[in-house]
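# A structural walkthrough
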Amino acid sequence: MRKGVMRPGHVQIRVLDAEAALKHYRDLVGLIETDRDEQGRIYLKAWTEVDKFSLVLNPSDEPGMDFMGFKVVDEATLVQLEQDLLAWGCPVEHIPAGELRGCGRRIRFVAPSGHTFELYAEKEYTGKWGVTEVNPEAWPMDLKGMRAVRFDHCLMYGDELAATYDLFVNVLGFYLAEQVLDENGDRIAQFLSISTKAHDVAFIMHPEKGKFHHASFFLETWEDVLRAADLISMTDTSIDIGPTRHGLTHGKTIYFFDPSGNRNEVFCGGDYNYPDHKPVTWAAEQLGKAIFYHDRQLNERFLTVLT
Amino acid sequence: MTDTFEMTELVRGLRFNCASDHSLLKAMELAGKRCIPVGCRGGGCGLCKVQVVSGEFSCGPMSKKHVDEASRRCGRVLACRVYPRSDLSFEYRPAPELAGTNNNSNEVM
Ligand code: FES
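The name given to chain B in an unreviewed UniProt entry is 2Fe-2S ferredoxin-type domain-containing protein, and the organism recorded there is Pseudomonas abyssi.

Looking up chain A in an unreviewed UniProt entry gives the name Metapyrocatechase, with the organism given as Pseudomonas abyssi. Comment text from UniProt for chain A, heading Subunit (unreviewed entry), reads "Homotetramer." Taken from UniProt, the Catalytic activity (unreviewed entry) comment for chain A reads in full: "catechol + O2 = (2Z,4E)-2-hydroxy-6-oxohexa-2,4-dienoate + H(+)".

## A look at helix H4 (residues 222–234) of chain A
Residues three or four positions apart in an α-helix share a direction because the helix packs 3.6 residues into each turn. All names here are of chain A. The end-to-end C-alpha distance of H4, which contains 13 residues, comes to 18 Å, matching closely the 18 Å that a straight helix rising 1.5 Å per residue would cover. Among the residues of H4, Val 225, Ala 228, Ala 229, Leu 231 and Ile 232 are the ones counted as buried. Take H4 and look down its axis: the buried residues cluster within an arc of 160°, on one side only. Across H4 from its buried face, at more than 90 degrees, point the exposed residues Glu 223, Ser 233 and Met 234. Next to the buried residues of H4 lie helix H1 (18–28), strand S14 (239–245), strand S15 (252–257) and strand S16 (263–268).

## Re the packing of helix H2 (residues 75–88) of chain A against helix H3 (residues 161–171) of chain A
Residue and element names in this part refer to chain A. Between H2 and H3, the shortest axis-to-axis distance is 11 Å and the interhelical angle comes to 145°. Helix-helix and strand crossings are classified by hand; for H2 and H3 the assignment is right-handed. Contact residues: H2 offers Leu 81, Asp 84, Leu 85 and Trp 88, while H3 offers Ala 163, Asp 166, Leu 167 and Val 171. Across the contact of H2 with H3, the residue classes break down as 6 nonpolar, no polar and 2 charged.

## So, the pattern of salt bridges
A side chain with one charge can pair with a side chain of the opposite charge if their charged atoms come near. Residues and elements named next belong to chain A. Counted according to the given criterion, the structure contains 31 salt bridges over all chains. Here Glu 118 ties to Arg 108 by a salt bridge, and the two come within 2.9 Å at their closest N and O atoms. One end of the pair, Glu 118, is in strand S8 (residues 116–120); the other, Arg 108, is in strand S7 (residues 106–110), and 10 residues separate them in sequence. With respect to burial, Glu 118 and Arg 108 carry one shared label: buried. Close ionic contact of Glu 160 with Lys 209 constitutes a salt bridge, the shortest N to O distance being 2.9 Å. Here Glu 160, found in the loop between strand S9 (150–158) and H3, pairs with Lys 209, found in the loop between strand S12 (201–205) and strand S13 (211–218); they are 49 residues apart in sequence, far enough to count as distant. Residue classification places Glu 160 among the partly exposed positions, given a relative accessible area of 41%. Salt bridges sharing partners connect three or more residues here, namely Glu 19, Arg 26, Asp 27, Glu 33, Arg 36 and Lys 144.

Cut-off values and rules
Starting from 1, residues in each chain are numbered consecutively following that chain's sequence as written. Here the convention is simple: chains get letters from A, ligands get numbers from 1, in the order in which they are written. Thresholds applied to this predicted model are a pLDDT of at least 70 for local features of residues and 80 or more for the giving and counting of side-chain atom pairs; totals over whole chains, interfaces and linings are not thresholded and use all residues. Think of the side-chain values as coming from all heavy atoms in the structure, minus any hydrogens and water. UniProt positions are given in the numbering used here, feature names are shortened, and annotations may be inferred rather than shown by experiment. A helix here means a DSSP run of H or I that spans at least four residues, while a strand means a run of E at least two residues long, and both kinds are numbered starting from the N terminus. Expected span, for any helix, means 1.5 Å times one less than how many residues it has. For each residue, the accessible area found with a 1.4 Å probe, counting protein chains only, is set against the maximum for its type, and the residue is called buried under 20%, exposed over 50%, and partly exposed in between. The directions considered for the arc run from the helix axis to the C-beta atoms. Note on contacts: a residue pair is in contact if any heavy atoms of the two residues lie within 4.5 Å. Note on method: axes are straight lines fitted to C-alpha atoms, helices fitted across the in-contact stretch only, with angles between N-to-C directions ranging 0 to 180 degrees. Each helix crossing is assigned a hand: it is left-handed if the near helix lies turned anticlockwise from the far helix by less than a right angle, otherwise right-handed if that turn is clockwise. Throughout, the ten residues Ala, Val, Leu, Ile, Met, Phe, Trp, Tyr, Cys and Pro are labelled nonpolar, Asp, Glu, Lys and Arg are labelled charged, and all others, Gly among them, are labelled polar. By convention in these notes, a salt bridge is any Lys or Arg side-chain nitrogen within 4 Å of a carboxyl oxygen on Asp or Glu.

Okay, here's the thing in structure tokens:
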């Protein structure tokens, strides 16, 4: 957080059918619907999140990710980071307060990987959902589906990983938590963190810019991941792979798709980092084990199916 | 009421049945056949694009990046979003930009 970027705050995902998407994210993933706007966008959050929303569903004729937003500590930081982005050579766009309901002004930019990101300092504080602020109970009783705890990170596929690394590390203050290097020593995957978490955003090398691999939501336990797998079968939801463990980050995970073909992950566990930790490195020839620790084999779908 | 129709993949000569409330891709998975790669199953990734050669069908929502109006009209559609209304024949050929990377590898799990 050395430049004042605090955490992932939101992701806006394009969906082909808003009602089908709402049913998926609300009833299956277990997010809470918090608002809608005149553009037809639907706002959701996970129950432990303190701000009004973390997922925005945007009806569209083409699925994928519109943007991912990071919350910064205050307005002064936002002003400074805008200057730093411009000085680095990254143009920014100003999105006025209220364009997303309950969110302050946003600074939007496109990373060299082709993905759109935003920074913002203010969002309506609604508190954790379903529990009181004083003497809170352990969890709300009426959660649905997988009972996702929080929006955790996104994985992007795109090119120009080195320039993207430079922007995220040297301008925005992320650090490299984990990486995959090919036989020439070139980085083909970078897991970047702004916290003690294993990753807050990750990038994998891909020839086409701006592709979306998945949005990930945190669960507490392995039992919750198995229960998520049961729910995926019960609802005949499109599964990708899992339950399994990743080598990278060591998280325990399952992947599935929303009704528009956007990939989701729910996971638990995973490594942690402090500033004195060195990045963890995987060699590309061990990529199978790095991605799926048990099968030790790549599933082509995981690498090529993107929105 | 659901009807059942016969699906024929012309390149490999595979046949399987498809209920009218199942997508072409789902019917292939249920029948344990492998002629179309399985991706997101949601009309988003474009992996399952086929050419319908004959027969009637209706379509669920599909990403316009992969199927525009013109290609929908000429039957170049996503198998995960095709619901048959009659017997269908179709071809699957890997898209040129995907050739060699995922023809046979996105198999039914
Ligand atoms: S499997 Fe992704 S579009 Fe059909």
